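Structural features, examined
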Amino acid sequence: MSESEHIYDITVIGGGPVGMFTAFYAGMRQLDTLVVESLPELGGQVSTLYPEKIIRDVAGFAGIKGGQLISALHKQMTVFPDFAPTVATNEEVTAIDKTDDIFVLTTTKGQYKSRSVVVAIGGGSFAPRKLAIDYDQALEDQKIFYFVKNVADFADKTVAIAGGGDSAIDWALTLEGIAKKVYLIHRRDQFRGLESSVERLHQGTVELMTPYLIDGVTDGPELSLDLKKVKSEDHVDLAVDALLVNYGFTADNHALRKWGLPLDHRLLKVDANMETSIPGVYGIGDCVNYPGKVKLIAAGFGEAPTAINDIAVKLYPERRQPLHSTQMDH
Ligand SMILES: Cc1cc2nc3c(=O)[nH]c(=O)nc-3n(C[C@H](O)[C@H](O)[C@H](O)COP(=O)(O)OP(=O)(O)OC[C@H]3O[C@@H](n4cnc5c(N)ncnc54)[C@H](O)[C@@H]3O)c2cc1C
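Residues numbered from 1 in each chain as written. Predicted model: local features only at pLDDT ≥ 70, side-chain atom pairs only at ≥ 80, totals over all residues. Heavy atoms only, no water.

1. Points about the overall build of the chain
Per the secondary structure count, the chain includes 7 helices and 22 strands. The dimensions of the chain, computed from C-alpha atoms along their principal axes, are 70 × 40 × 40 Å. Put simply, the chain has 330 residues, and 46% of those count as buried. A separation of at least 24 residues holds for 57% of the contacts in the chain among residues at least 6 apart in sequence. Split by element, the accessible area of the chain, about 16700 Å² in all, is 50% carbon and sulfur. For the chain, the separation between the mean place of its 32 positive charges and that of its 44 negative charges on side chains is 5 Å. (Helix = DSSP H or I, 4+ residues; strand = E, 2+ residues; numbered from the N terminus. Buried < 20%, exposed > 50% of the residue type's maximum accessible area, 1.4 Å probe, protein only. Contact = heavy atoms within 4.5 Å. Areas by Shrake-Rupley, 256 points an atom, 1.4 Å probe, with all protein chains shown as cover. Lys, Arg positive; Asp, Glu negative; His and termini not counted. Charge placed at Lys NZ, Arg CZ, Asp CG, Glu CD.)

In structure tokens, the structure reads:
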């Protein structure tokens, strides 16, 4: 059956930690599940904003790094191989329509059909904050990067990294051992990163270009960066092979309004089963509101079984099962 004819039991919109756990849980209930995530990687705010932070309030872990929690969720998603979810990344859901009891989800790449929908879009679609100067858009993913898909792309190259936070510092330290030369451009002399990382930065070979702003980018055999010294009229030119911009991310949850879903304080309004007033459309995680809601991973993890068990009973009333997970060999 072609993908456009396939009808999933559940489509989870958003592959943050809550969407990932939901997809695992739906698999455990033997539901045919799809996860659609707009970013190239799953993991939501945790992967994007704080992979190195130690999270201390997820049940069962005295402390776990954000990145490790997401790796563990990836592993958990495939623990029932016959019911591992289908995952579509780099694909944003743009519309939800319903025809004859089947939801049709339109994405930036195509359409999916589903018998139910779980909205888990957290703070909304993330997008990298881009360079605030005019430049040839064709340079994106060729010489100007906002994501690192593969560190090998930077091997033996002269790379400039723009930004002064944890992410910029982490990439500078990672690429230091791979690239021919790494520059780190920041508009302040101080960096906002883990003390230990900042110390490694100062001890290493990364050349710090501070306090500079990128004022222009010109393409040629090399990428020529016009750097303007902050609070001064001084300019320097820097020729590099690649520019990696790490100015953080913006989040936009306008989609909830665009999709015409019932809202409460700009968040999805859900009932005690995590269902919206549109039958078959559920909401969980940071994108929902109800009395007592807290925006925490642990709370979202709790909302997932509530939604999925309600969906399971409605889609397959004959399949009533005990709620406890079963013992497995691994
Ligand atoms: C700096 C920081 C530190 C934090 N520390 C903690 C902590 O210590 N403990 C804790 O419990 N919580 C912490 N939080 C909060 C926690 O990260 C959130 O509660 C959690 O990420 C919510 O998960 P989620 O899956 O609901 O949403 P998100 O993590 O926001 O994931 C939503 C996903 O949906 C995707 N998406 C959005 N729109 C679409 C669309 N239209 N189509 C497809 N995909 C879409 C997004 O790209 C994203 O990947 C912290 C948050 C921040 C910012």
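2. Focus: the domain arrangement of the chain
Taken domain by domain, the chain consists of domain 1 (7-126 + 250-319) and domain 2 (130-247). A straight line from the C-alpha centre of domain 1 to that of domain 2 covers 34 Å. (Domains from an automatic or database assignment.)

3. Some points on the nonpolar core
Core analysis: the largest hydrophobic core is formed by 58 residues, its most contacted members being I13, V119 and W259. Not counting the four nearest positions on each side in its chain, I13 is found in contact with V36, V93, I96, L105, V117, V118, V119, A120, I121 and W259. The next biggest cluster of nonpolar side chains, apart from the first, holds 21 residues, and it includes I133, A162, Y183 and L225. (Core = buried A, V, L, I, M, F, W, Y, C linked by side-chain atoms within 4.5 Å.)

4. Things to note about the UniProt feature "domain: FAD/NAD(P)-binding" (unreviewed entry) in the chain
The feature "domain: FAD/NAD(P)-binding" (unreviewed entry), as given by UniProt, occupies residues 8-294 in the numbering adopted here. Between the end C-alpha atoms of residues 8-294 the distance is 30 Å, and the span holds 19% helix and 33% strand. (UniProt positions renumbered as here; feature names shortened; annotations may be inferred.)

5. What about the environment of F126?
Structurally, F126 can be placed in strand β9 (residues 125-128). Through-space distance from the C-alpha of F126 to that of Q45 is 8.7 Å; in sequence the pair is 81 residues apart. In this structure, F126 is in contact with L39, G44, Q45, T48, L49, F249, T250 and A251, ignoring residues within four places of it in sequence.

6. A word on the sheet that holds strand β15 (residues 223-229)
The sheet built from 3 strands is open, its strands ordered β14-β15-β16 with antiparallel pairing. Both outer strands of the open sheet, β14 (212-218) and β16 (235-240), are each paired with one neighbouring strand and no more. Neighbouring strand axes in the sheet, compared pairwise and without regard to direction, differ in orientation by 30° on average. Pairing of β15 with β16, which is carried by 6 bridges, proceeds in the antiparallel orientation. Considered in β16, the bridge of L225 is made with L238. (Pairing = 2+ DSSP bridges. Axes fitted to C-alpha atoms, helices over the stretch in contact; angles between N-to-C directions.)

7. As for the site of the ligand
Contacts to the ligand come from 34 residues, most closely from E37, Y50, K53, D57 and D286. Taking E37, its side chain carries an N or O atom lying 2.6 Å from an oxygen atom of the ligand. The side chain of D57 places a nitrogen or oxygen atom 2.8 Å from a nitrogen atom of the ligand. Isolated, the ligand exposes 1000 Å² of accessible area, and the fraction of that covered by the protein chains is 88%. At the level of elements, α1 (17-28), α2 (44-49) and β9 are the ones that each hand at least two residues to the shell around the ligand. In the shell around the ligand, the residues fall into 15 nonpolar, 12 polar and 7 charged. (Near = heavy atom within 4 Å. Polar contact = N/O pair within 3.5 Å; in protein donor to acceptor, adjacent residues only side chain to side chain. Nonpolar A, V, L, I, M, F, W, Y, C, P; charged D, E, K, R; others polar.)

8. Focus on the pairing of β14
Alignment of β14 against β15, held across 6 bridges, turns out to be antiparallel. Following the sheet pairing, Y212 is matched in β15 by K229. Between β14 and β15, which pair antiparallel in sequence order, lie 4 residues.

9. Some remarks on the packing of aromatic side chains
The final tally for this structure, using the stated rule, is 6 aromatic pairs. Where F21 meets F301, the ring centres are 5.1 Å apart and the plane angle is 45°; that geometry is what we call tilted. Note that F21 is positioned in helix α1 and F301 in helix α7 (residues 297-315), a separation of 280 residues in sequence. Owing to a relative accessible area of 14%, F21 belongs among the buried residues under this scheme. Among the residues examined, F301 registers a relative accessible area of 16% and is labelled buried. With a centroid separation of 5.9 Å and 45° between ring planes, the pair formed by F147 and F249 is classed as tilted. Of this pair, F147 sits in the loop between β10 (144-145) and β11 (158-162) while F249 sits in strand β18 (residues 249-252); the two residues are 102 residues apart in sequence, bridging distant segments of the chain. (Phe/Tyr/Trp six-rings, centres within 6.5 Å; stacked < 30°, edge-to-face > 60°.)

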